[in-house]
Structures are given as structure tokens and as C-alpha cells.
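So the chains spell out like this:
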Amino acid sequence: MNNSAPEIGSPARTKAILTRYRLVAKKSLGQNFLSDLNILRNIVNAAEVTEDDNVIEIGPGIGALTEQIAKGARKVVAFEIDENLLPVLDETLADYDNIKIINQDILKANLAEVIHEEFEPGHPVKLVANLPYYITTPILMGVLQSGVAFDEIVVMMQKEVADRLVAEPGTKAYGSLSVVMQYKAHVAVAFEVPRTAFIPQPNVDSAIIRLTPREPLPVKPYEEEALFKFVKGCFIHRRKTLWNNLQGLFGKQPEVRERLESVLETVGVSRQLRPERLTLINFIELTNAFHNEGLM
Ligand code: SAM
């Protein structure tokens, strides 16, 4: 591709690429191509990508974001599941020698191994992506549990999911996803993106989320998985009181109720609260106290 061609993320070039390869965006793979150069550049800026950075991308599509990252980064490794896009990416990104495309389902990838094989050590590793929305949560959970210490994660997702990630206790959007993500990382919305910035247009607006390593918590759960399971269990009936949810989780026998009451008293949490009022620290303390009480 010659250097005078407009960049991939311009609407004209996006349309030309789709026509030339007779591509029909696959809804089942969450294919909505971002075609707004300012937004693409702002995503890369939000991750503060520099020439020293190695970057993982998920779902390069036709290469619009990949191109903008490659311009500023040391190396980009991008996972794309759709093999029909490989010849397209070969051509659209032909000018760049710092990009590697891996044709693999990100949910099956071993990120730590790929990073070890593809990136020279001693440089920051970042994750920058316009995520396939149908698997936003499993991707984020997988990334946060991969054991890779990303220096920065900047990802686009459906606005409604972004709202849930950053929600605070007592708000409507606050739920198990908020608690689990905020346990893992410091989460903030960088900026919002209207649906009109995509080809084809999705039915929802989007937002860019920035995840950075969080400060250590004053209290740790005895086991992460137990905390996550407990948090999910507490939100099964979010309109009911904590007391009702706990009886649903642990049982209603008088002996169990007595132990539940004793734990709530020790931790200092009222049984009348709705689960959405509990803070991350409340959830951790309750998990540990129920464990000590032999209930989990
Ligand atoms: N990065 C491009 C952009 O910003 O225009 C495309 C983003 S599009 C929202 C999501 C991309 O993720 C698509 O290219 C899709 O094929 C790819 N994808 C979907 N599921 C995937 C998976 N499980 N693993 C890797 N890539 C996937």
C-alpha cells in the first residue's frame, strides 16, 4: 500500500477496503469497524503509547487501530479470530514492520507465553483494543487473571458495560462486575464514543475504559475465587436484602441463621442492607468471616 493512501480508519478508506474485499461485517464476531481517525488516535493517546512500548491488541479487524498503535509503539501483536481478515490485514498493514497478527481466539490464547515469545523483555507491555462486545467480560477476566502485569489497559466496550465497571456502591449500575473489576484494577472511563463512529453502526454507544494497577487493599480475601463466587451470589436477587440473599446462599436452618447473624455482627454490616450498598471491603471481610465460621 503506498504511503499516500489515506489512513485505514478514515471513513473513505474503510468503505474502500470493505468493498474491495467484499467484506460483510460479521455480527456474530462483534465486527463494527471504528472509522474516525481522531477517536482512534485518542485511544492510543489514552494509553500513552510510546516507542518503548510493546502492545497487545485484540481484534484488529481491518487494521485501523493497529495502524495507529504501530505508528507510536515498538511492536504490536494482535489476535484476530476471523481468518478471512488475514489477507486484508496483510495488505492494509504492509507498510509496517513492527506488527504481528496471530490468528487465534483470544479466549484460548496463552498471553504470558505469547508475550514471552514476541516481546523483548525490559519494555512496558500494554493492552489496547476495540473489543468484540459479545465477549467483553470473559476477555477482561481472562486478561486480569493471565498473570501478565500490564502497565496499562485501554479498551473500548459498550457504554452500558463500561458504566457497570466504574459504578460505585449505592448506584443502579453497581453489581458483581463492578466489585470484581475494581478488586482487580483501578477502573476509569477515559471518554465516550457515539455509535455513528462505526461502520456498520452498532445499536449502542461505546466508551473507552482505562484499567491501571490498583493500590494494595487493606484487607485480602482468603481466596479470590471464593470472593468472586460470594459476590455473584449476593447479587442474584439485588432488590432483596442482604439477609434474604445470605439465607438463599447458605440455608435457612436456625443453626445457620445464628452463624450468619454472628458474622454480620462481627463485620459490622446490617442485615437489612441491599447488596448494592456493600463496598468491596465489606465483601472481602464477609468472605473471610464466613470462611472462618466454616460456612465457606
Ligand atoms: N479493531 C477494529 C476496529 O477498531 O475497527 C475491529 C474491532 S471489532 C469491534 C472486534 C474484532 O474482534 C473483529 O475484528 C472480530 O473479528 C474480532 N474478534 C471477535 N471475536 C474474537 C476472539 N474471540 N478472538 C480474537 N478476535 C476476535
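If you're wondering where the values come from, they're calculated on a predicted model, not measured in any experiment.

A. Local environment of the pattern of salt bridges. Inspection of the entire model under this criterion finds 19 salt bridges. Note that E118 and K100 form a salt bridge whose closest N and O atoms lie 2.9 Å from each other. Separated by 18 residues along the polypeptide, E118 in helix α5 (residues 111-118) and K100 in strand β4 (residues 99-102) bring together distant segments of the chain. Relative accessible area serves as the criterion here: at 34%, K100 is assigned to the partly exposed category.

B. The arrangement of the packing of helix α6 (residues 136-144) against helix α8 (residues 176-184) in detail. Here α6 crosses α8 at 25°, and the two axes come no closer than 11 Å. By the angle between their directions, the pair α6 and α8 is classed as roughly parallel. Considering how the two elements wind past one another, α6 and α8 form a crossing that is left-handed. Residues T137, L140, M141 and L144 of α6 pack against L177, V180, M181 and K184 of α8. Across the contact of α6 with α8, the residue classes break down as six nonpolar, one polar and one charged.

C. Quick look at the site of the ligand. Taken together, 23 residues lie near the ligand, and L34, G59, E80, N130 and Y134 sit nearest. With respect to the ligand, the side chain of E57 contributes an N or O atom lying 3.5 Å from a nitrogen atom. Interatomic distance of 2.7 Å between a backbone N/O atom of G59 and a nitrogen atom of the ligand. Against a free-state accessible area of 600 Å², the protein chains account for coverage of 99% of the ligand. Its residues assigned to classes, the shell around the ligand shows 12 nonpolar, seven polar and four charged.

D. Quick peek at the domain arrangement of the protein chain. Partitioning the protein chain into structural domains gives domain 1 (11-212) and domain 2 (224-292). Computed from C-alpha coordinates alone, the two centres of domain 1 and domain 2 are separated by 36 Å. Listed per partner, the contact involves 14 residues of domain 1 and 16 residues of domain 2. For the pair domain 1 and domain 2, the summed buried surface comes to about 1200 Å²; carbon and sulfur atoms form 65% of the total. Contact with domain 2 buries area across many residues of domain 1, yet Y174, V179 and Y183 alone supply 43% of it, more than any other trio. Scanning the region where domain 1 abuts domain 2 turns up one salt bridge. Note that K184 is salt-bridged to E224, the shortest N-O span being 2.9 Å. On inspection of domain 1 and its partner domain 2, the count reaches seven residue pairs in polar contact (both at pLDDT 80 or more).

How each quantity is defined
Residues numbered from 1 in each chain as written. Predicted model: local features only at pLDDT ≥ 70, side-chain atom pairs only at ≥ 80, totals over all residues. Heavy atoms only, no water. Salt bridge = Lys/Arg side-chain N within 4 Å of Asp/Glu carboxyl O. Helix = DSSP H or I, 4+ residues; strand = E, 2+ residues; numbered from the N terminus. Buried < 20%, exposed > 50% of the residue type's maximum accessible area, 1.4 Å probe, protein only. Axes fitted to C-alpha atoms, helices over the stretch in contact; angles between N-to-C directions. Parallel < 35°, antiparallel > 145°, perpendicular 65-115°, else oblique. Left-handed = near helix turned anticlockwise from the far one by under 90°. Contact = heavy atoms within 4.5 Å. Nonpolar A, V, L, I, M, F, W, Y, C, P; charged D, E, K, R; others polar. Near = heavy atom within 4 Å. Polar contact = N/O pair within 3.5 Å; in protein donor to acceptor, adjacent residues only side chain to side chain. Areas by Shrake-Rupley, 256 points an atom, 1.4 Å probe, with all protein chains shown as cover. Domains from an automatic or database assignment. Buried area = accessible area lost by both parts, 1.4 Å probe.

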